[in-house]
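Residues per chain, in single letters:
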Amino acid sequence: MSLHFTYYGHSTFTVEADGVKLVIDPFFAPNNPLAPVAVDKIEADFILLTHGHADHTADAVALAKQTGATVVANFEIVNWLQNQGVPSCHPMNTGGAYSFPFGRIKMTIAHHSSTLPDGTPAGNPAGYLIHFNDGSDVYFAGDTALTYDMKLIGEAGGVDLAILPIGDNFTMGPDDAVLAAQFVQAKHVIPAHYNTFPPIKQDAQAFAAQLRRINEIECTVLAPGEDFTL
Ligand code: NI
Ligand code: MN
């Protein structure tokens, strides 16, 4: 079994794991200026939301309704989704883990803020650490500052792939993301949350070069629409 990732720009990824389709932070065209497709072209069995901000949730309700996918999010976001008529949700909260058909998800600490697009408080932001059934460990940091708590992930064995924000301004920037990659002991990194809007413009290739040079960690820079197989 392999994991097949597709990047849609900003923080939006799909993962296909043994036929199960996951979508992380659905933000598609035209809401997401980088996304090559609109949400009506996307298939999903599970949708994972890291926090409430519109650049992570704008297409969540539409995608959940068109696919019937189960949305995994924190308790507050799940309440909001249910009020929007989303049929299937699985509430979690920070530090908790739960086994799904594709693997085990742990909701991790993220230092950020979180409100939903209509201003509803969305609880605490989070990341996701996923232990897939094939044994691969993947960390989606979500929107977060660099935090020393990330070392706990490294101490627990590290990850095969870390998807880290590098945009700066709203999240950690490239220098802190290099430290984050070390903290979680990532074997491979994919940068995210950059170049969508002027305040988060970054040179992802320079980040990749810095990572390889300092730590000999593999880094793959994906253009929106590009795939990656782990
Ligand atoms: Ni955010
Ligand atoms: Mn964001």
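Residues numbered from 1 in each chain as written. Chains lettered and ligands numbered in written order. Predicted model: local features only at pLDDT ≥ 70, side-chain atom pairs only at ≥ 80, totals over all residues. Heavy atoms only, no water.

**Here we look at the sheet that holds strand E9 (residues 126-132)**
So, step 1. As summarised here, the arrangement of the 7 strands in space is E7-E8-E9-E10-E11-E12-E13, forming an open sheet in which the pairing is mixed. On the outer flanks of this sheet lie strand E7 (97-100) and strand E13 (218-219), each paired with one strand and no other.
So, step 2. For strand E8 (residues 103-109) and E9, the ladder comprises 7 bridges, and the chain directions are antiparallel. Within E9, the position partnered with Lys-106 by the bridge is Leu-129. (Pairing = 2+ DSSP bridges. Helix = DSSP H or I, 4+ residues; strand = E, 2+ residues; numbered from the N terminus.)

**Describing the layout of surface pockets**
So, step 1. Taken as a whole, the largest pocket encloses approximately 380 Å³ of empty space.
So, step 2. Lining the largest pocket are 21 residues, and of these Lys-106, Thr-108, Leu-129, Leu-152 and Ile-153 sit closest to its centre.
So, step 3. Broken down by secondary-structure element, the contributors of at least two residues to the lining of the largest pocket are E8, E9, strand E10 (137-140) and helix H4 (150-155).
So, step 4. Here the element with the most residues in the lining of the largest pocket is E8; it accounts for 6 residues.
So, step 5. Its residues assigned to classes, the lining of the largest pocket comprises 12 nonpolar, 5 polar and 4 charged. (1 Å grid on protein atoms, 1.4 Å probe; cavity = no way out; pocket = protein on both sides within 12 Å on 5 of 7 lines; lining within 4 Å. Points joined across faces, edges and corners; volume = space filled by probe spheres on them. Nonpolar A, V, L, I, M, F, W, Y, C, P; charged D, E, K, R; others polar.)

**As for the pattern of salt bridges**
So, step 1. Taken as a whole and judged by the stated rule, the model has 3 salt bridges.
So, step 2. Here Lys-21 ties to Glu-43 by a salt bridge, and the two come within 3.3 Å at their closest N and O atoms. With Lys-21 in strand E3 (residues 20-24) and Glu-43 in the loop between E3 and strand E4 (46-48), this pair connects stretches of sequence that are 22 residues apart.
So, step 3. Under the relative-accessibility criterion, Lys-21 is labelled partly exposed at 25%.
So, step 4. We note a salt bridge from Lys-41 to Asp-40, for which the minimum N-O separation is 3.6 Å. (Salt bridge = Lys/Arg side-chain N within 4 Å of Asp/Glu carboxyl O. Buried < 20%, exposed > 50% of the residue type's maximum accessible area, 1.4 Å probe, protein only.)

**Here we look at empty space enclosed by the protein**
So, step 1. Counted under the stated rule, the structure contains 1 cavity of 30 Å³ or more.
So, step 2. For the largest cavity, the calculated volume is near 70 Å³.
So, step 3. Taken together, Ser-11, Phe-13, Ile-24, Asp-25, Thr-50, Phe-140, Ala-141, Gly-142, Ile-163, Leu-164, Pro-165 and Ala-192 make up the full set of residues lining the largest cavity.
So, step 4. The greatest single-element share of the lining of the largest cavity, amounting to 3 residues, is contributed by strand E11 (residues 161-165).

**Quick word on unusual backbone geometry**
So, step 1. The linkage connecting Ala-29 with the following residue, Pro-30, adopts the cis geometry, with an omega of 0°.
So, step 2. Along the chain, Pro-30 falls in the loop between E3 and E4.
So, step 3. Phi is positive for His-10, which is not a glycine, with a value near 60°.
So, step 4. For His-10, the position within the fold is in the loop between strand E1 (3-7) and strand E2 (13-17).
So, step 5. Looking at His-10, the relative accessible area reads 0%, which means it is buried.
So, step 6. Phi angles above zero are rare outside glycine, and His-193 is one such case at about 60°.
So, step 7. Structurally, His-193 is set in the loop between strand E12 (188-192) and helix H6 (204-215).
So, step 8. For His-193, a relative accessible area of 1% translates into the label buried.

**Here we look at the coordination of the manganese ion (ligand 2)**
Where a metal carries four tetrahedral donors, each ideal angle is 109.5 degrees; where it carries six octahedral donors, the ideal angles are 90 or 180 degrees.
So, step 1. Distances from the manganese ion (ligand 2) to its protein donors, Asp-55 (OD), His-56 (NE2), Asp-143 (OD) and His-193 (NE2), fall at 2.1 to 2.2 Å.
So, step 2. Mapping the donors of the manganese ion (ligand 2) onto the primary sequence gives the spacing D-H-x86-D-x49-H.
So, step 3. The nickel ion (ligand 1) is placed at 3.1 Å from the manganese ion (ligand 2), the two being bridged by Asp-143.
So, step 4. Taking the relative accessible area as the measure of exposure, Asp-55 reaches 17% and is therefore buried.
So, step 5. With relative accessibility at 0%, the residue His-56 sits in the buried group. (Donors = N, O, S within 2.8 Å, 3.2 Å for Na, K, Ca; no water.)

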